[in-house]
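This is what each chain is made of:
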Amino acid sequence: MPKFVILWTDVAIWLLLVALVAYAWSVARKPNLAANWGKVFRSAPALSSSIVLVACLLVTLADSVHFRAALPPAAGAPTAEVAYDARVQSLLDAALRRVVESRESTYSVPLAYVGFTKESIEVNGQVQRVAPRLQFGGAHLTEPAAQWASDVLTRTAVGVVAGLAAGLLMCALLVAAVARARQAAWSVTWARIRHQETPVPWLAACWTLLALAVPVGAVVSLMGHYHVFGTDITGNDVLYQTLKSIRTAFVIGTLATLATLPLAVVLGIMAGYFKGWVDELIQYLYTVLSSIPNILLIAACVLMVQVFLDKHPELFETGVERADLKLFLLCAVLGLTGWAGLCRLLRGETLKLRELEYVQAATAFGVSPLRIMVRHIFPNVAHLMLIVTVLEFSALILYEAVLSYVGVGVDPSMNSFGGMINFARNEMSRDPVVWWPFAAAFVFMVTLVLAANLFADGVRDAFDPRARAFRPRPLTSLKKPA
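Below is a short write-up of the structure. As the structure is a prediction and not an experimental result, all values here were calculated from the model.

Describing the nonpolar core
At step 1: Counting residues in hydrophobic clusters, the biggest one holds 49 residues, and the most contacted among them are L330 and L334.
At step 2: Residue assignment for this core shows that the elements contributing at least two residues are α1 (8-29), α9 (238-274), α10 (276-291), α11 (294-311), α12 (319-337), α13 (340-353), α14 (357-364) and α15 (369-405).
At step 3: Beyond its immediate chain neighbours, meaning those up to four positions away, L334 contacts I252, A256, T260, I298, L396, Y399 and L403.

Overview of the packing of α14 against α15
Angle between the axes and distance between the axes: these two values describe a pair of packed helices.
At step 1: Running from amino to carboxyl end, α14 crosses α15 at an angle of 175°, the nearest separation of the two axes being 11 Å. The angle between α14 and α15 falls in the class roughly antiparallel. Here α14 contributes Y358, V359, A362 and T363 to the contact with α15, which in turn contributes I372, H376, I377 and N380.
At step 2: Considering only residue class, the contact of α14 with α15 consists of 5 nonpolar, 3 polar and no charged.

Concerning unusual backbone geometry
At step 1: For L111, which is not a glycine, the phi torsion comes out positive at approximately 65°.
At step 2: For Q196, which is not a glycine, the phi torsion comes out positive at approximately 55°.
At step 3: Looking at the secondary structure, you find Q196 in the loop between α7 (186-194) and α8 (202-223).

Observations regarding α12
At step 1: Taking 1.5 Å of rise per residue, 19 residues should cover 27 Å, and α12 covers 27 Å from first to last C-alpha, within 8% of that figure.
At step 2: Among the residues of α12, those classed as buried are E321, A323, D324, L325, K326, L327, L330, C331, V333, L334, G335 and T337.
At step 3: Where the residues of α12 are buried, they touch β1 (3-5), α1, α9, α10, α11 and α15.

With respect to a nonpolar patch on the surface
At step 1: On the surface, W277, L281, Y284, L285, V288 and I292 cluster together into a nonpolar patch covering about 630 Å² of accessible area.
At step 2: Inspection of the secondary structure assignment puts Y284 in helix α10.

Some remarks on the side chain of S64
At step 1: Tracing the chain through its elements places S64 in the loop between α3 (44-62) and β2 (66-68).
At step 2: Beyond its immediate sequence surroundings of up to four residues, S64 is in contact with D10, I13, W14 and R247.

What about the environment of S90?
At step 1: Relative to the assigned elements, S90 resides in strand β3 (residues 89-90).
At step 2: In sequence terms S90 and F67 are 23 residues apart; their C-alpha atoms lie 6.2 Å from each other.
At step 3: Those residues within four positions of S90 in sequence are excluded, and the remaining contacts are A62, D63, V65, H66, F67 and K244.

Criteria and thresholds
- Residues numbered from 1 in each chain as written.
- Predicted model: local features only at pLDDT ≥ 70, side-chain atom pairs only at ≥ 80, totals over all residues.
- Heavy atoms only, no water.
- Core = buried A, V, L, I, M, F, W, Y, C linked by side-chain atoms within 4.5 Å.
- Buried < 20%, exposed > 50% of the residue type's maximum accessible area, 1.4 Å probe, protein only.
- Helix = DSSP H or I, 4+ residues; strand = E, 2+ residues; numbered from the N terminus.
- Contact = heavy atoms within 4.5 Å.
- Axes fitted to C-alpha atoms, helices over the stretch in contact; angles between N-to-C directions.
- Parallel < 35°, antiparallel > 145°, perpendicular 65-115°, else oblique.
- Nonpolar A, V, L, I, M, F, W, Y, C, P; charged D, E, K, R; others polar.
- Expected span 1.5 Å × (residues − 1).
- Patch = residues over 30% accessible without salt bridge, like charges linked within 9 Å, V, L, I, M, F, W, Y side chains within 5 Å.
- Areas by Shrake-Rupley, 256 points an atom, 1.4 Å probe, with all protein chains shown as cover.
- Salt bridge = Lys/Arg side-chain N within 4 Å of Asp/Glu carboxyl O.

Next up, the structure:
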């Protein structure tokens, strides 16, 4: 039985999942809110991007259950106390155990069977510079020069077919779910989806599922025998690092965004409702905060956190717990230094709302200011909070990359897109260029940020009437299905 390790960010991620489920249940019970979210998913880019975000969320959840494996008992002492491995693993690590254990000595090109760096080897009495054979990548090949190309193509084709089959199965299940919800036949529902005659663009969802399933199938088919994205300077698999970096990006994007809400909401509503000296004091606070360069302020706070962690090593059993606490505190620092923009926005909206008739009537009837702010002001600025929260998610992912690049981001022992780009700085300047770690981090980060931005655009268009864009929809057929 493994020993489960509870990390700060693990607790936060699972609590956020519970909150998300509770919010979805609340949305289902409120027709107006459900209608707004329905508008979000009627946008094909928003629907497709939500599928990508859900896939990344599943990777994050698999990487948010940590444990230490139990070691086998020592010989001659079967009844001794159970000892646990010093390494902290996650469910994602357990699923990718073969990839984690296939560590090479140094760099290797994607899908290669020989190393990238040549070594001096004596051949027929002469010393030659040749690329050594990899220990794991392509180790199953007996004659790699003749077998490599056909083996890679065969495994890729098998993976593509398997991924295509899995994608088609998911599409069939999706159509079946839509048909059951509409109480219609599967064939009729598929015909309407294929001709884009449904309110929700399910055809875009099907194409997105296929676009995800096919490359995933190919990668899964190859990753057991090759390093699909190559290895870094220490011989670690780059694909494994990029998958682990997804969790770091998700944690930064969600926790740091939510950390801005308490100060921004409370101070913004107070400034707009009370006005006077309260408004002037809060304006002074966020004006001073905005005048300080964010990078310098965050760097100073992170360095203070680093000093605290270095002086109290007894608080952590493993290095993973120490790195996780630093990540959690980095999210808190980003939240406590980034609330000024949302606070200014909520202040302006509250100034407008406090002059409306229902707020003036509540004041005339003697309702307390706290009750007015909670019952009348807060619900009418909640849509702004939602829009800003979704928009800031992608911005903070990019912010983490910048902070890690300058050396004040997450712990170096923790995988992150910024850390990978930072390590690739020297690799891109060497000759020959080691391009694959940077390319993998760039592609995954851009995909995640692009999906978040497209979803944020859909949320903004649905919840903010001033930014809503009405796009033409195809006309539905006038003939009723048989």
